[in-house]
Amino acid sequence: MRFNQLINALEGGEACLQSYELATNPELLSAAALDQANQDQISFLEKGNTLSSILNKSKAGAVLIPNDEKLIKVATQRGFAWATFQHPRLAFAESLEILYPRKIVKPEIHPTAFIGEGVELGKDVFLGPNVSIGNNCLIGNKTIIHSGVVLYEKVVIGEGCELHANCVLHPDTKIGTGCVINSNAVIGSEGFGFVPTNHGWHKMPQTGYVVLENEVEIGSNSTIDRPAVGETRIGAGTKIDNLVQVGHGVTTGKACAMAAQVGIAGGAKLGNGVILAGQVGVGNRVQVGDGVIASSKCGVHADIAPGEVVSGFPAIPNKLWLRCSANFKKLPEIVKSLREKDRRAFD
Amino acid sequence: MRFNQLINALEGGEACLQSYELATNPELLSAAALDQANQDQISFLEKGNTLSSILNKSKAGAVLIPNDEKLIKVATQRGFAWATFQHPRLAFAESLEILYPRKIVKPEIHPTAFIGEGVELGKDVFLGPNVSIGNNCLIGNKTIIHSGVVLYEKVVIGEGCELHANCVLHPDTKIGTGCVINSNAVIGSEGFGFVPTNHGWHKMPQTGYVVLENEVEIGSNSTIDRPAVGETRIGAGTKIDNLVQVGHGVTTGKACAMAAQVGIAGGAKLGNGVILAGQVGVGNRVQVGDGVIASSKCGVHADIAPGEVVSGFPAIPNKLWLRCSANFKKLPEIVKSLREKDRRAFD
Amino acid sequence: MRFNQLINALEGGEACLQSYELATNPELLSAAALDQANQDQISFLEKGNTLSSILNKSKAGAVLIPNDEKLIKVATQRGFAWATFQHPRLAFAESLEILYPRKIVKPEIHPTAFIGEGVELGKDVFLGPNVSIGNNCLIGNKTIIHSGVVLYEKVVIGEGCELHANCVLHPDTKIGTGCVINSNAVIGSEGFGFVPTNHGWHKMPQTGYVVLENEVEIGSNSTIDRPAVGETRIGAGTKIDNLVQVGHGVTTGKACAMAAQVGIAGGAKLGNGVILAGQVGVGNRVQVGDGVIASSKCGVHADIAPGEVVSGFPAIPNKLWLRCSANFKKLPEIVKSLREKDRRAFD
């Protein structure tokens, strides 16, 4: 595809094209990072991107950049085809969608797929080899279910979902439209509920179910548990990375994002647009306000007000935590200084 | 089911019924949390439960509560059917068992199940679609094995176990009676044993096996490794949540509980009744005494005496940790104060 | 096998045999830890091993030990067959290889294995029950693929690999020779790439792929993501434990080792021989130098120079961290001491 064709396709997109220079109007076959791109590849830069400094060494054929005089000058001098966007990363995402169109999966019910009684399959569904669909499931139109996926009874899946290989959905799980469940994820397994007694742990039956609203994505090997009663609910547009644990009865608002290895304990409630970085933990029944950001490895054990940015364990405001953790390494000096003054206290 | 029928069923149970009031003796169809229950639903409250304050707003038909005058008064005024128990949470668990009787899985060997040579199946076993049973496995009576489960060779499983979809049991794994293995868990995979050499990592063969004693439960996507020699052993009645790693050669006592994302390194030994909260780590060969509680994200790198409650990393007594971490956020002030006195030391 | 036969087999091995004493030249059937071994079992000891003190209580038939006069004396007095090695642990690994020869898996294409179009299978391949091989995959000679494994399209696997039950390899994944993928691992799933927009998260297409070089091992339930563009690459001889997350676009050098539950965020670069202990996190695009060791639960959020040993979060040099964390528990005293001097500052 020629650069001008790509520009035509991006015009009117959400990334907001501002200006462009066709230069040699190169033929673009694919995309790559700025430091790895060749002449038939497109690349991009964001403001403050650490790769800015290597724009003048890049061998890319075309670059998508922010509206920055200096970058435009370098790109022009190097002879790149270039275009500026309000959101260059989004422009790159849109370019990838154009350059790498999604493969169309041809509808098919593989002969080795097992389909229980009372199952209703929508139009144009794909069921791969060794899929197992429990009794009374409903599968929406155009949904793709890859090899080895297991649905227990009464699972309901909306239109246009994709369930990757070997993931498992437990009874009564409800999934909206356009959801993606990645490989080996487990949705709706029983919550970890045990009551201590004199002779060991007594299991609390987990009679509830999990709801994933529209456009939710769940990462590989992540687990979303069902509760004792009621539901666990993941809000529309929420994206969850790999190896994340969502406990029984958790609810999240819309458009949250959770990075890998996050763990959310039972009954916690997240507002809209909450962002949890890698390996964050959220405690039982904690309430996390709209737009909260918790940085990596943070332990959120108490409620957090909307809009806060928190870090550390126990979680405190991020700016305070940065100053505290910078001073943590002075502790030996602190103790030495005080010991000189007050020997008894620090022996 | 009418409330009086439920009370009859709970009488003599372990939750210890104390007193009750039938009120309108409501028909109960299901159960729910206090803030979500309707008139045909039962709910419960524990001492100190944060929901206590909303008892007077609840729309539940019946409530199970502790023997607390104030709560009894509110429940009576609201016209609820109510009962008091020594252990209201346990009463709720017993109520769920009555209101939601476990579905009976009809014994069946699905025609797509693969069964190796020399396999002995007990009576009334269920093998779902695409199950794969290796040579010389023994499966106890009434054990349920869901779709896609894989057993390697010589796995031995006791009576009345349930193995959920797509979990994997490696050679020689031994499982007692009444165990539950949740979806995509992996039991008996080879331990992470490599010896450093001049030309890379030399693999230590992992010739041992894993034993799960009776009534053990393993969460979804958890992994229990086998050791180089000998066994990894999980004590009777121990409950393990999702995404937990148990390293090679670990042994645990009876009735331990491990929350999600706990990691236990090779050779660690846990006593009886040890509780590890979410994301806790236990180091190589560490010995953890009976009844120890390690709070969330704790790093246990050295032996812990029986009965201790520990927190933080490195783990210290919980009460000390609470005071220390409360003071952590004063570090910038501490340094400022000392710098005023001794400029050199803190520049 | 008689002890002298074992010694013959170990002579000339990498463990470097130094001296030995046949004693009764016992018949050895298997191996065990020193505190559990019987007369027909072999065991070993390393320098500084905590089991040294129990050598004089062991019931082992034979022991592999370092060249240490004291240990030799005890072993001789006890009448053990013994041998000294430069690397006793390696000698034990080599002994296990001899005493427990790997079972040979007979080549077979199980009739329930699904094989797509254009697939090329090498010689002596094993495909277990319910395996699913996507179109245009290439499988090297002698590779073993256990039950329930799913390969998407165009996966390339080298010679002599072993893929354990129910693991999943996504399109275009490339795997070298002699690799091991443990059960339920997921290789090549789409990276967690979403661009924030006014109306939620816009998915960045993940068009890249994953490369595992020769002799790489991936633990059970671990996940290795593919990037938006380019590749995620795991260097030759790198060993990865269970439940590890490797984000999109990560590259590692040769012979790295990552313990369980490590998480590496997108774009990070590890040098050769990097060792990450359990539950370590590495941040986005961080560069970790050759030979770095990060201790357990460490959070590496900034570049680390080659050869450093780091601990804590944020990661600091290990020796400094040990002193700081030892002083952490003095924080209440520190504040008390300063408050006496300056009441205002610490109220």
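Conventions we followed
Residues numbered from 1 in each chain as written. Chains lettered and ligands numbered in written order. Predicted model: local features only at pLDDT ≥ 70, side-chain atom pairs only at ≥ 80, totals over all residues. Heavy atoms only, no water. Helix = DSSP H or I, 4+ residues; strand = E, 2+ residues; numbered from the N terminus. Rg over C-alpha atoms; globule rule 2.2 N^0.38 Å. Buried < 20%, exposed > 50% of the residue type's maximum accessible area, 1.4 Å probe, protein only. Contact = heavy atoms within 4.5 Å. Areas by Shrake-Rupley, 256 points an atom, 1.4 Å probe, with all protein chains shown as cover. Lys, Arg positive; Asp, Glu negative; His and termini not counted. Charge placed at Lys NZ, Arg CZ, Asp CG, Glu CD. Buried area = accessible area lost by both parts, 1.4 Å probe. Salt bridge = Lys/Arg side-chain N within 4 Å of Asp/Glu carboxyl O. Polar contact = N/O pair within 3.5 Å; in protein donor to acceptor, adjacent residues only side chain to side chain. Least-squares fit on C-alpha atoms with pLDDT ≥ 70 in both. Axes fitted to C-alpha atoms, helices over the stretch in contact; angles between N-to-C directions. Parallel < 35°, antiparallel > 145°, perpendicular 65-115°, else oblique. Left-handed = near helix turned anticlockwise from the far one by under 90°. Nonpolar A, V, L, I, M, F, W, Y, C, P; charged D, E, K, R; others polar. Domains from an automatic or database assignment. Phe/Tyr/Trp six-rings, centres within 6.5 Å; stacked < 30°, edge-to-face > 60°. Lys NZ or Arg CZ within 6 Å of the ring centre and 35° of its normal. Arc of directions from axis to C-beta. Pairing = 2+ DSSP bridges. Patch = residues over 30% accessible without salt bridge, like charges linked within 9 Å, V, L, I, M, F, W, Y side chains within 5 Å.

**Considerations on the overall build of chain A**
Phase 1: On a plain count of helices and strands, chain A comes out with 5 helices and 37 strands.
Phase 2: Relative to a compact globule of 347 residues, whose C-alpha radius of gyration would be 20 Å, chain A shows 26 Å and is clearly more extended.
Phase 3: Viewed in the frame of its principal axes, chain A has a C-alpha envelope of about 80 × 80 × 30 Å.
Phase 4: Among the 347 residues that make up chain A, the fraction classed as buried is 58%.
Phase 5: Counting only contacts in chain A whose residues sit at least 6 apart along the sequence, the fraction spanning at least 24 positions is 20%.
Phase 6: Only carbon and sulfur atoms are counted for the fraction: they give 51% of the accessible area of chain A, which is about 13800 Å².
Phase 7: Separation between the mean location of the 32 positive side-chain charges and that of the 33 negative ones in chain A comes to 9 Å.

**Some thoughts on the interface of chain B and chain A**
Phase 1: At the interface, 60 residues of chain B touch 65 residues of chain A.
Phase 2: With both chains or domains summed, chain B and chain A bury close to 4700 Å², and 63% of this area falls on carbon and sulfur atoms.
Phase 3: If you look at where chain B meets chain A, you find 1 salt bridge.
Phase 4: Measuring nitrogen to oxygen at the nearest pair gives 2.8 Å for the salt bridge that ties Lys203 of chain A to Glu217 of chain B.
Phase 5: Taken together, the links from chain B to chain A amount to 26 residue pairs in polar contact (both at pLDDT 80 or more).
Phase 6: Those elements giving two or more residues to the side of chain B that touches chain A turn out to be helix H3 (88-99), strand E26 (239-240), strand E28 (257-258), helix H4 (318-328) and helix H5 (331-341) of chain B.

**Quick notes on the relation of the copies chain B and chain A**
Phase 1: You can overlay chain B on chain A at an RMSD of 0.0 Å; the transform is a turn of 120° with a shift of 0.0 Å along its axis. The operation mapping one copy onto its partner corresponds to a three-fold rotation axis.

**A few points about the packing of helix H1 (residues 3-10) of chain B against H3 of chain B**
All names here are of chain B.
Phase 1: Their axes nearest at 10 Å, the elements H1 and H3 cross at an angle of 115°. Classified by the interaxial angle, the pair formed by H1 and H3 is roughly perpendicular. In terms of crossing hand, the pair formed by H1 and H3 is right-handed. Facing H1, whose interface residues are Leu6, Ala9 and Leu10, H3 presents Ala91, Glu94, Ser95 and Ile98.
Phase 2: Grouping the constituent residues of the contact of H1 with H3 by class yields 5 nonpolar, 1 polar and 1 charged.

**A word on the domain arrangement of chain A**
Accessible area lost upon the coming together of the parts is a frequently used measure of interface size.
Phase 1: When cut into domains, chain A gives domain 1 (3-99) and domain 2 (108-321).
Phase 2: Here the C-alpha centroids of domain 1 of chain A and domain 2 of chain A sit 37 Å apart.

**Focus on the packing of aromatic side chains**
Phase 1: Scanning all chains against the criterion turns up 9 aromatic pairs over all chains.
Phase 2: Ring centres 5.4 Å apart and planes at 35° place the aromatic pair Phe313 of chain B and Trp321 of chain C in the tilted group. In this pair, Phe313 of chain B is assigned in the loop between strand E36 (309-311) and strand E37 (316-317) and Trp321 of chain C in helix H4 (residues 318-328), connecting two distinct chains.
Phase 3: In this structure Phe313 of chain B comes out as partly exposed when scored by relative accessible area, which is 26%.
Phase 4: Take Trp321 of chain C: its relative accessible area is 8%, and that puts it in the buried class.
Phase 5: The ring centre of Tyr209 of chain B lies 4.5 Å from the NZ or CZ of Lys174 of chain B, which sits over that ring.

**Some words on the interface of chain A and chain C**
Phase 1: In this assembly, 60 residues from chain A lie in contact with 64 residues from chain C.
Phase 2: Summed over the shared surface of chain A and chain C, the result is 2 salt bridges.
Phase 3: At the surface where chain A touches chain C, the tally comes to 26 residue pairs in polar contact (both at pLDDT 80 or more).
Phase 4: Counting only elements with at least two residues in the side of chain A that touches chain C, the list comes to helix H3 (88-99), strand E26 (239-240), strand E28 (257-258), helix H4 (318-328) and helix H5 (331-341) of chain A.
Phase 5: A breakdown of the residues in the side of chain A that touches chain C according to their chemical character gives 29 nonpolar, 19 polar and 12 charged.

**What about helix H1 (residues 3-10) of chain C?**
Phase 1: Buried residues of H1 of chain C: Phe3, Leu6, Ile7 and Leu10 of chain C, and no others. Considered in projection along H1 of chain C, the buried side chains sweep an arc of 100° and stay on one side of the axis.

**Comments concerning the environment of Val149 of chain B**
Residues and elements named next belong to chain B.
Phase 1: Mapped onto the elements of the fold, Val149 is located in the loop between strand E12 (144-145) and strand E13 (150-151).
Phase 2: Between the C-alpha atoms of Val149 and Asn130, which are 19 residues apart in sequence, the distance is 7.5 Å.
Phase 3: When neighbours within four sequence positions are excluded, Val149 is seen to be in contact with Asn130, Val131, Ser132, Leu163, His164, Ala165, Asn166 and Cys167.

**Quick notes on the pattern of salt bridges**
Phase 1: Counted by the stated rule, this structure contains 29 salt bridges over all chains.
Phase 2: Between Arg89 of chain B and Glu46 of chain B there is a salt bridge, with the nearest N and O atoms lying 3.0 Å from each other. With a gap of 43 residues between them, Arg89 of chain B in helix H3 and Glu46 of chain B in the loop between strand E3 (41-44) and strand E4 (62-65) connect regions that are remote in the sequence.
Phase 3: Since its relative accessible area comes to 26%, Arg89 of chain B is described here as partly exposed.
Phase 4: Arg102 of chain B is the salt-bridge partner of Glu162 of chain B, the closest N and O atoms lying 3.1 Å from each other. Of the two residues, Glu162 of chain B is situated in strand E15 (residues 162-163) and Arg102 of chain B in the loop between H3 and strand E6 (108-109); the sequence distance between them amounts to 60 residues.
Phase 5: Its relative accessible area of 14% is what places Glu162 of chain B among the buried residues.
Phase 6: Counted as one network, the salt bridges with shared partners bring together Glu190 and Lys203 of chain A together with Glu217 and Lys239 of chain B.

**Brief notes about the sheet that holds strand E25 (residues 231-234) of chain A**
Residues and elements named next belong to chain A.
Phase 1: Pairing in this open sheet of 6 strands is parallel, and the strands run E8-E11-E14-E17-E22-E25 from one edge to the other. Among the strands making up the open sheet, the edge pair consists of strand E8 (120-121) and E25.
Phase 2: Two strands pair when backbone bridges link them, and strand E22 (residues 209-212) and E25 are joined in this way by 4 bridges, in the parallel orientation. Paired with Leu212 across the strands is Ile234, a residue of E25.

**So, the sheet that holds E28 of chain B**
Residue and element names in this part refer to chain B.
Phase 1: Pairing is mixed in the open sheet, where 12 strands are placed in the order E6-E9-E12-E15-E18-E23-E26-E28-E31-E34-E36-E37. Edge positions in the sheet fall to E6 and E37, since each of these pairs with one other strand and no more.
Phase 2: The pairing of E36 with E37 spans 2 bridges and is antiparallel. Opposite Ser311, over in E37, you have Ile316 as the bridge partner.

**A short note on unusual backbone geometry**
Phase 1: That bond from Phe313 of chain A to Pro314 of chain A is cis: its omega, 0°, falls within 30 degrees of zero.
Phase 2: Its location among the elements puts Pro314 of chain A in the loop between strand E36 (309-311) and strand E37 (316-317).
Phase 3: A positive phi angle, near 50°, is found at Ala23 of chain C, a position not held by glycine.
Phase 4: With respect to the helices and strands, Ala23 of chain C occurs in the loop between strand E1 (17-21) and strand E2 (30-31).

**Let's talk about the environment of Leu45 of chain A**
Residues and elements named next belong to chain A.
Phase 1: Here Leu45 shows up in the loop between strand E3 (41-44) and strand E4 (62-65).
Phase 2: Look at Leu45 and you get buried, because its relative accessible area is 0%.
Phase 3: Taking the C-alpha atoms as reference points, Leu45 and Val335, 290 residues apart in sequence, are found 47 Å from one another.

**As for a nonpolar patch on the surface**
Residues and elements named next belong to chain A.
Phase 1: Together, Ile109, Ile115 and Leu121 make up an exposed nonpolar region whose accessible area comes to about 210 Å².
Phase 2: Residue placement: Ile115 occurs in strand E7 (residues 114-115).
Phase 3: On the accessibility criterion, Ile115 (33% relative accessible area) is partly exposed.

**Some thoughts on the side chain of Asn327 of chain B**
Phase 1: Structurally, Asn327 of chain B can be placed in helix H4.
Phase 2: You can call Asn327 of chain B buried: its relative accessible area is 10%.
Phase 3: Each residue touching Asn327 of chain B, except ones within four places of it in the same chain, is listed here: Leu331, Pro332 and Val335 of chain C.

**Here we look at H1 of chain B**
Phase 1: For H1 of chain B, the secondary structure elements touched by its buried residues are strand E1 (17-21), E3, E4, strand E5 (81-85) and H3 of chain B.
Phase 2: Phi turns positive one or two residues past the end of H1 of chain B, at Gly12 of chain B, with a value near 80°.

**Details of the environment of Glu190 of chain A**
Phase 1: As for its position among the elements, Glu190 of chain A is in strand E19 (residues 186-190).
Phase 2: Take Glu190 of chain A: its relative accessible area is 15%, and that puts it in the buried class.
Phase 3: In this structure the C-alpha to C-alpha distance between Glu190 of chain A and Ile240 of chain A, which are 50 residues apart in sequence, comes to 19 Å.
Phase 4: In contact with Glu190 of chain A, not counting residues within four places along its chain, are Lys203, Gln206, Asp225 and Arg226 of chain A together with Val180, Asn182 and Glu217 of chain B.
Phase 5: Polar side-chain contacts of Glu190 of chain A include one of 2.8 Å to the side chain of Lys203 of chain A.

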